[in-house]
2 protein chains.
Amino acid sequence: MTCSINYAPRLRAQGLRVTPQRNAILHVLHHSGGHLSPTQVYERARQEFPSLTEPTVYRTLEDLAEKKLLLAAHVGNGKIVYELAETQHHHLICHKCGNTVEVDHAPLELLYHQFESSTGYKLDSSHVTFFGLCPDCQS
Amino acid sequence: MTCSINYAPRLRAQGLRVTPQRNAILHVLHHSGGHLSPTQVYERARQEFPSLTEPTVYRTLEDLAEKKLLLAAHVGNGKIVYELAETQHHHLICHKCGNTVEVDHAPLELLYHQFESSTGYKLDSSHVTFFGLCPDCQS
DNA sequence: TTCCTTATTGCAACTTCTTACAATAGTAGA
DNA sequence: TCTACTATTGTAAGAAGTTGCAATAAGGAA
Ligand SMILES: [Mn+2]
Ligand SMILES: [Mn+2]
Ligand SMILES: [Zn+2]
Ligand SMILES: [Zn+2]
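How each quantity is defined
Residues numbered from 1 in each chain as written. Chains lettered and ligands numbered in written order. Predicted model: local features only at pLDDT ≥ 70, side-chain atom pairs only at ≥ 80, totals over all residues. Heavy atoms only, no water. Pairing = 2+ DSSP bridges. Helix = DSSP H or I, 4+ residues; strand = E, 2+ residues; numbered from the N terminus. Donors = N, O, S within 2.8 Å, 3.2 Å for Na, K, Ca; no water. Buried < 20%, exposed > 50% of the residue type's maximum accessible area, 1.4 Å probe, protein only. Near = heavy atom within 4 Å. Polar contact = N/O pair within 3.5 Å; in protein donor to acceptor, adjacent residues only side chain to side chain. Nonpolar A, V, L, I, M, F, W, Y, C, P; charged D, E, K, R; others polar. Domains from an automatic or database assignment. Contact = heavy atoms within 4.5 Å. Buried area = accessible area lost by both parts, 1.4 Å probe. Salt bridge = Lys/Arg side-chain N within 4 Å of Asp/Glu carboxyl O. Tetrahedral: all angles 85-135°; square planar, octahedral: opposite > 155°, others 65-115°.

Novice: Tell me what's going on with the sheet that holds strand β5 (residues 122–123) of chain A, and back it up with residues and numbers.
Specialist: One open sheet holds the four strands; their spatial order is β5(A)-β6(B)-β3(B)-β4(B), and the pairing between them is mixed. The open sheet has two free edges, formed respectively by β5 of chain A together with β4 (100–104) of chain B, since each of these has just one partner strand. Here strand β3 (residues 89–94) of chain B pairs with strand β6 (residues 129–133) of chain B via four bridges, running parallel. If you follow His91 of chain B over to β6 of chain B, its bridge partner there is Thr129 of chain B.

Here's what the structure looks like:
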């Protein structure tokens, strides 16, 4: 609850104002440790800041992701989850059981250079989602 | 409208019954040529089959994608679009302007083998979405 | 053809997500 | 401090997507 981490500098560095709504949302994501859906963020952040509303949660998550404070991950069927942007990694997701594995970005470097030089795009180095079947679900 | 293509064999091959709802949905996707959102599919397929309902559209799109007759693509912010499964390809999407580029699967083969042997997953060879900035949006 | 089984659909209610706009409150500057 | 500017938020309404269950109809067997 009372937590030593101060998000103000990171918000200001991105030209964003420091509001209690943003602090509550960042605080919740920090303490969850993992990926949370907007609904989960809303329910938990409301504990610390009861007047928080749903539109604010959705807008804040999008804004903070755009400013690279958060990472958004697609986990299938249009569901999105968010986490604090800390490590560079991607996801392998089983589309049968939903099981998820994290993989490093390094093995994608070569591919990224190919794509970037052939298309002119500059690609994000985090949170690509690969779908497939996990070992358990292949039988 | 009256279109020579018959989807019945492909449906039966997957153990699915042939219904006018499924035919209308497949027909719409065939004639659109590209990616359509569930809402777009619903609006168009309703022209040919007016009693069609939303839950049927959502369920059908998911079912047909699961049986590999369709491909689902994540296009950002939890939006999903579908298309007929014909070619193997992936997408590069600009998260500023939404512009999309298709890329071949071939350059991913090596990466896939690495991931598959290190994790045991068997990955889908189509419709991975890479996000980034297109050439126009980088300035 | 007719009957039977059950996959598929429609219905109704609900949850999640979005939007436009007015009210609020950070923050920079006087 | 106080003020002014405007980013951010809340409100209210609507759109999109989901769920459980009862009704329907596709397809196999007689
Ligand atoms: Mn992650
Ligand atoms: Mn595609
Ligand atoms: Zn699995
Ligand atoms: Zn762009």
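Picking up after the structure, the text goes on.
Novice: Mind laying out the coordination of the zinc ion (ligand 3), listing which residues take part and the relevant values?
Specialist: Residue and element names in this part refer to chain A. The protein atoms that coordinate the zinc ion (ligand 3) are Cys94 (SG), Cys97 (SG), Cys134 (SG) and Cys137 (SG), at distances of 2.2 to 2.3 Å. In the primary structure, the donors to the zinc ion (ligand 3) are separated according to the pattern C-x2-C-x36-C-x2-C. Highlighted residues: Cys97 in the loop between β3 (89–94) and β4 (100–104) and Cys134 in the segment after β6 (129–133), separated in sequence by 37 residues. For Cys97, a relative accessible area of 45% puts it in the partly exposed group.

Novice: I'd love a proper account of the pairing of β4 of chain A, names of residues and values included.
Specialist: Residues and elements named next belong to chain A. Judged from the five bridges that link them, β3 and β4 form a sheet pairing that is antiparallel. Across the sheet, residue His91 finds its bridge partner in β4, namely Glu102. Counting the residues in the hairpin turn of β3 and β4 gives five residues, including Gly98, whose phi is positive at 85°.

Novice: Describe the protein's contact with DNA strand D, and please don't skip the residues or the numbers.
Specialist: Close contacts around DNA strand D come from 21 residues, with Thr19, Gln21, Arg22 and Thr56 of chain A together with Tyr58 of chain B the closest. Expressed as a percentage, the sugar and phosphate content of the atoms of DNA strand D within 4 Å of the protein is 69%. Backbone polar atom of Ser51 of chain A to a phosphate oxygen of DNA strand D: 3.1 Å apart, as the coordinates give it. Within the contact set of DNA strand D, a phosphate oxygen lies 3.2 Å away from a side-chain nitrogen or oxygen of Thr39 of chain B. Broken down by secondary-structure element, the contributors of at least two residues to the surface near DNA strand D are α2 (20–32) and α4 (54–66) of chain A together with α3 (38–48) and α4 (54–66) of chain B. Among the residues forming the surface near DNA strand D, the class breakdown is seven nonpolar, seven polar and seven charged.

Novice: Could you give me a rundown of the domain arrangement of chain A, with the residues and numbers involved?
Specialist: Residues and elements named next belong to chain A. Domain boundaries in chain A define domain 1 (2–84) and domain 2 (89–138). Each partner contributes to the interface: domain 1 provides nine residues, whereas domain 2 provides nine residues. When the area that domain 1 buries against domain 2 is broken down by residue, the three leading residues are His35, Leu71 and His74, summing to 47%. Here domain 1 is connected to domain 2 by one salt bridge. Joining domain 1 to domain 2, the criterion identifies five residue pairs in polar contact (both at pLDDT 80 or more). Looking at the side of domain 1 that touches domain 2, the element that brings in the most residues is strand β1 (residues 70–74), giving four residues. Looking at the side of domain 1 that touches domain 2, its residues break down into four nonpolar, three polar and two charged.

Novice: Tell me about the interface of chain A and chain B, and name the residues and values.
Specialist: With 36 residues of chain A in contact, the opposing surface of chain B contributes 36 residues. Summed over both partners, the interface of chain A with chain B comes to about 3,000 Å²; 68% of that surface belongs to carbon and sulfur atoms. Viewed at the interface, chain B and chain A are joined by zero salt bridges. Run the count over chain A and chain B and you get ten residue pairs in polar contact (both at pLDDT 80 or more). Of all the secondary structure elements, the ones that give two or more residues to the side of chain A that touches chain B are β3, β4, α5 (109–119), β5 and β6 of chain A. Residue composition of the side of chain A that touches chain B, by class: 19 nonpolar, 13 polar and four charged. As paired elements, β5 of chain A and β6 of chain B share two bridges and run antiparallel to each other. Note on β6 of chain B: the bridge partner recorded for Lys122 of chain A is Leu133 of chain B.

Novice: Pulling in residues and values, what's your account of the protein's contact with DNA strand C?
Specialist: Val18 and Tyr58 of chain A together with Thr19, Gln21 and Thr56 of chain B are the nearest of the 22 residues found near DNA strand C. Between DNA strand C and Val18 of chain A, the relevant distance is 2.8 Å, taken from a phosphate oxygen to a main-chain nitrogen or oxygen of the residue. Residue Ser51 of chain B places a main-chain N or O atom 3.1 Å away from a phosphate oxygen belonging to DNA strand C. At the level of secondary structure, the elements contributing two or more residues to the surface near DNA strand C comprise α3 (38–48) and α4 of chain A together with α2 (20–32) and α4 of chain B. Within the surface near DNA strand C, the residues separate by chemical class into seven nonpolar, seven polar and eight charged.

Novice: I'd love a proper account of the coordination of the zinc ion (ligand 4), names of residues and values included.
Specialist: Residue and element names in this part refer to chain B. At this site the zinc ion (ligand 4) is bound by Cys94 (SG), Cys97 (SG), Cys134 (SG) and Cys137 (SG), with donor distances of 2.2 to 2.3 Å. Taken together, the four donor atoms coordinating the zinc ion (ligand 4) and their angles of 103 to 114° define a geometry best described as tetrahedral. Sequence spacing of the donor residues for the zinc ion (ligand 4), all on one chain, is C-x2-C-x36-C-x2-C. Here the residue Cys94 occupies a position in strand β3, and Cys134 occupies one in the segment after β6, the gap between them amounting to 40 residues. Across this residue pair, the class does not change: Cys94 and Cys134 are buried.

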